Amino acid sequence: MNELSWFVVRRLFQGLVVVLTVTAIVFVVTRLIGDPVAIMLPLDATEAQRETLRRALGLDQPVYLQFIDFLRSLFALDFGESYWQHRPNIDIIRERLPATFQLVGAGMLLAVVLALPLGTVAAMYPGRLPDRITSALSLVGLSVPLFWLGLILIYVFAAQLRILPSSGPGTFVHLVLPAVTLALPSAGRLAMLVRSSLIDELNAPYVKTAVAKGLPLWRILGVHTYVNAAVPTLTMIGWEVTRSLAGHTIIVETVFAWPGLGLAAIQAIQREDLLLLQAIVFVVALMVVVINLALDLVYKFIDPRISV
Amino acid sequence: MNAFTGGVRAIVVVGLLAMAPALAQAQSVTMAISSEPSTLDPQKTMDGGERRVNDNVFEALLSRNADSELAPGLAIELPKRIDDTTWQFKLRQGVKFHNGELFNADAVVHSVTRIFSPEYKSTVLGDLTGIKGAEKVDDHTVNIKTTRLDTLLPARMYWLKIVPMKGSEDPSFASKPVGTGPYRVTEWVRGNYVQLERNPDYWGPKPQIEKARYRFVSEGGTALAGLIAGEFDFVDNLQAEFARQAPQVARRQGLEHSFSAISTENPATKDKRVRQALNYAVDKEALAESLFMGFAKPARGQMIGDKSFGFNDALKPWPYDPAKARALLKEAGAEGSTIEYVVPASRWPKSKEMGEAIAGYWQAVGLKTDLKVLEFSQFLVRLRDRKVRPDVIFSSHNNALMEAERTVQVFYQSIDKATSSSIVDAKADQLVAAAGNEPDNARRKAIYNELMQRGYDEAWFLFLLNTDDVYGLSKRMTWKPRLDNKVFLSEMTVK
């Protein structure tokens, strides 16, 4: 096996450890803080009614037995049945994944499309007006709370101007507001990073040489500096995608009634649907690991000097 | 073109023109509800989203009229009690389920058997406790048997939706339900909407609205924006803060009563005067105004409303009188003592804010409050703990059967007999038991009244608010909310 294959195997193994650790933590925490039976039954249900349901759900078993059971079914890719929807969790996840992918895909694409030109302009005129405007915008973008931003966008574009739908999935126009909401804070952070990495590169001796040689600006940027600035930028994009999947989508999907995995997670928490929550966490953790692995391979591709 | 096809075309064109006004009148509405149904099987689970949809798709043997009184539904008249444990229902004839199955005694027996079957694991049996089973007498007569004398059986049957024998055994029933109601489910796109269409073969009057789409919007601000934008005609559970911005608001005094149970056993609250002082100290009017924007009223010294059987009309809201509270505390020698107050952070609207305000009121009359705002599941642990009761614990009660029985069984009995009580009182236990065995309505009402009076005099509770049900409506919608919080499309009209 060559070096690269070893690398992939090693990272996959590390990833598996990460996924299992995260799942185990969620498993223990959810069982410590809540009792699904108490939530599922009416407030004045009797102890006998609760006991019956507890047994039916297998919650009367000791926690370690439940965990072993849970691991065993995970390896069989069986995520159990949702307490809340009374159907297999895998079906729910399969239904919800496309919406989340759409949202994160569109949101991150938009973030990159916004951040690259903004960051570049700022880097070319450091300390001058374009830079100040870009930095101010980025700062606003990365510091607004997503929740508030989403509601404001809905209020302006749906309730007042009536040019976009307020919520829900459906057509491409339904995707616009949630994707913009998800994109703006990420675009703010990305633009700042593109700016600072480009400034570093633009001050490097090779750029001065290139300028002295009379190379046109687009060539200096496109062929040299962007490629060199790509590694930190890609790291940041990977990080933004991860944050979106594992956190921001929960907020954005809730505000926009967007039926993705994040909304399912919050619904599972509200209903103490432990098995569904575990399944979602497992899937999200898996995605994060895969994204990181993919990024590592891309680095290697961009810059062969990076040792794996 | 020959004369024949020309004639056909003419007929088609004329026909289409004739249909045009009818098409224009086809009314459809979009309803924003706060959660997606977890299932559309009406017998499985306690689920607000499911209920919003299925109340239009399924029917029960009995209904309630505009005054919230029990009325015929799939039964043609109110049932008769033919012996202590048997109620007889006469069924409506010629009613069909959406799949063509006939509604008859077999369907009723099946519905009752199904919901109680242990393998089915229904979690909605709470209000149906005491039903033993159903027996077919003939095709259109059914006897419902109860385990003991049960005067509430008719009210319980309002909550038991009738499902078809064959249709309900189909695995797709939970996603494509089949009922007898004025609307049928045509499509459920998970995560997006449930689509209903008027049932053309409905046995009752034809409702105006032809199509309804239920969307699931959990965030109140988003639902309000959709209402303002004209995307929604109805928003469930509109937050009081948003009422002023909504195009139209529908409100009605509901069945929800917030209160707090005060322990009669804990040292801090053992003295009746302290419990009374806790009531005198709190300005209920102010809580209703500032926290609920006026969409609530101080409760009238009990946890059931004036339309419920057993309501004690003599009781008035507990007056706000901080001076009296201070005097009572002084008399009891309880000045400066510490009261533990357990409040849930969620589940009931504004519970946390109410808890904080009340702690402030108690502070103002010279008490210290050990306020514990807990996550709901942690709160439940305290609520269920039979051994260590908090001095005071927040709760809220919604008696959907509209008779005091459940209220007194849960809250007005001693700790060892009830699921959520904080009192010990032999007299109360005796009264609750007597009410359960009393078939005579007047005498039973007298017992409930006595219990309510006793709960008030002994200050077993801090009586708080009776909150309104609030809904947002589009400008074109005409609808009056119901006391029981059911939302029937058949009662709505749009312009």
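Residues numbered from 1 in each chain as written. Chains lettered and ligands numbered in written order. Predicted model: local features only at pLDDT ≥ 70, side-chain atom pairs only at ≥ 80, totals over all residues.

Observations regarding the overall build of chain A
Counting its regular elements, chain A contains twelve helices and zero strands. In chain A, the succession of α and β elements from N to C terminus is α-α-α-α-α-α-α-α-α-α-α-α. By principal-axis analysis of the C-alpha atoms, chain A measures approximately 85 × 60 × 30 Å. Considering chain A as a whole, with its 308 residues, one finds that 39% of them fall into the buried category. Of the contacts made within chain A by residues no fewer than 6 positions apart, 73% connect residues no fewer than 24 positions apart. (Helix = DSSP H or I, 4+ residues; strand = E, 2+ residues; numbered from the N terminus. Buried ≥ 20, exposed ≤ 12 C-beta atoms within 10 Å, placed from the backbone. Contact = placed C-beta atoms within 7 Å.)

Structural notes on the overall build of chain B
Along its length, chain B carries 13 helices and 19 strands. Relative to a compact globule of 495 residues, whose C-alpha radius of gyration would be 23 Å, chain B shows 26 Å and is just as compact. The dimensions of chain B, computed from C-alpha atoms along their principal axes, are 105 × 55 × 40 Å. Evaluated residue by residue, chain B yields a buried proportion of 47% over its 495 residues. For chain B, long-range pairs separated by at least 24 residues make up 68% of all intrachain contacts whose partners lie at least 6 apart in sequence. (Rg over C-alpha atoms; globule rule 2.2 N^0.38 Å.)

Brief notes about the interface of chain B and chain A
Between chain B and chain A, the contact holds 29 residues from the first and 37 residues from the second. The element contributing the most residues to the side of chain B that touches chain A is helix α5 (residues 220–228) of chain B, with five residues. Residues that form the side of chain B that touches chain A fall into these classes: nine nonpolar, 13 polar and seven charged. (Nonpolar A, V, L, I, M, F, W, Y, C, P; charged D, E, K, R; others polar.)

With respect to the domain arrangement of chain B
Residue and element names in this part refer to chain B. Considered domain by domain, chain B is made up of domain 1 (29–39 + 51–56 + 181–247 + 474–495), domain 2 (58–169) and domain 3 (254–468). Relative placement of domain 2 and domain 3: their C-alpha centres are 34 Å apart. With eight residues of domain 2 at the interface, the matching set in domain 3 holds nine residues. The residue makeup of the side of domain 2 that touches domain 3, split by class, is four nonpolar, two polar and two charged. (Domains from an automatic or database assignment.)

Some details on the sheet that holds strand β7 (residues 141–146) of chain B
Residues and elements named next belong to chain B. Sheet architecture is open: four strands sit in the order β4-β5-β7-β6, paired in antiparallel fashion. Lying at the two open borders of the sheet, with one neighbouring strand each, are β4 (80–83) and β6 (131–138). Averaged over all pairs of adjacent strands, the angle between strand axes in this sheet comes to 30°, irrespective of strand direction. Bridge count between β4 and strand β5 (residues 86–90): three bridges; the pairing is antiparallel. Of the residues in β5, the one forming a bridge with Asp 83 is Thr 86. The sheet strands contacting helix α3 (residues 105–116) are β6 and β7, and the helix crosses β6 at an angle near 165°. (Pairing = 2+ DSSP bridges. Axes fitted to C-alpha atoms, helices over the stretch in contact; angles between N-to-C directions.)

What to know about the packing of helix α12 (residues 426–436) of chain B against helix α13 (residues 441–457) of chain B
All names here are of chain B. Packing of α12 against α13 leaves a shortest axis separation of 9 Å and a crossing angle of 155°. Compared by their axis directions, α12 and α13 come out roughly antiparallel. The interaxial crossing formed by α12 with α13 has left-handed handedness. Along the contact surface, α12 presents Lys 427, Ala 428, Leu 431, Val 432, Ala 434 and Ala 435, while α13 presents Arg 444, Ile 447, Tyr 448, Glu 450, Leu 451 and Arg 454. For the contact of α12 with α13, the per-class residue count stands at eight nonpolar, no polar and four charged. (Parallel < 35°, antiparallel > 145°, perpendicular 65-115°, else oblique. Left-handed = near helix turned anticlockwise from the far one by under 90°.)

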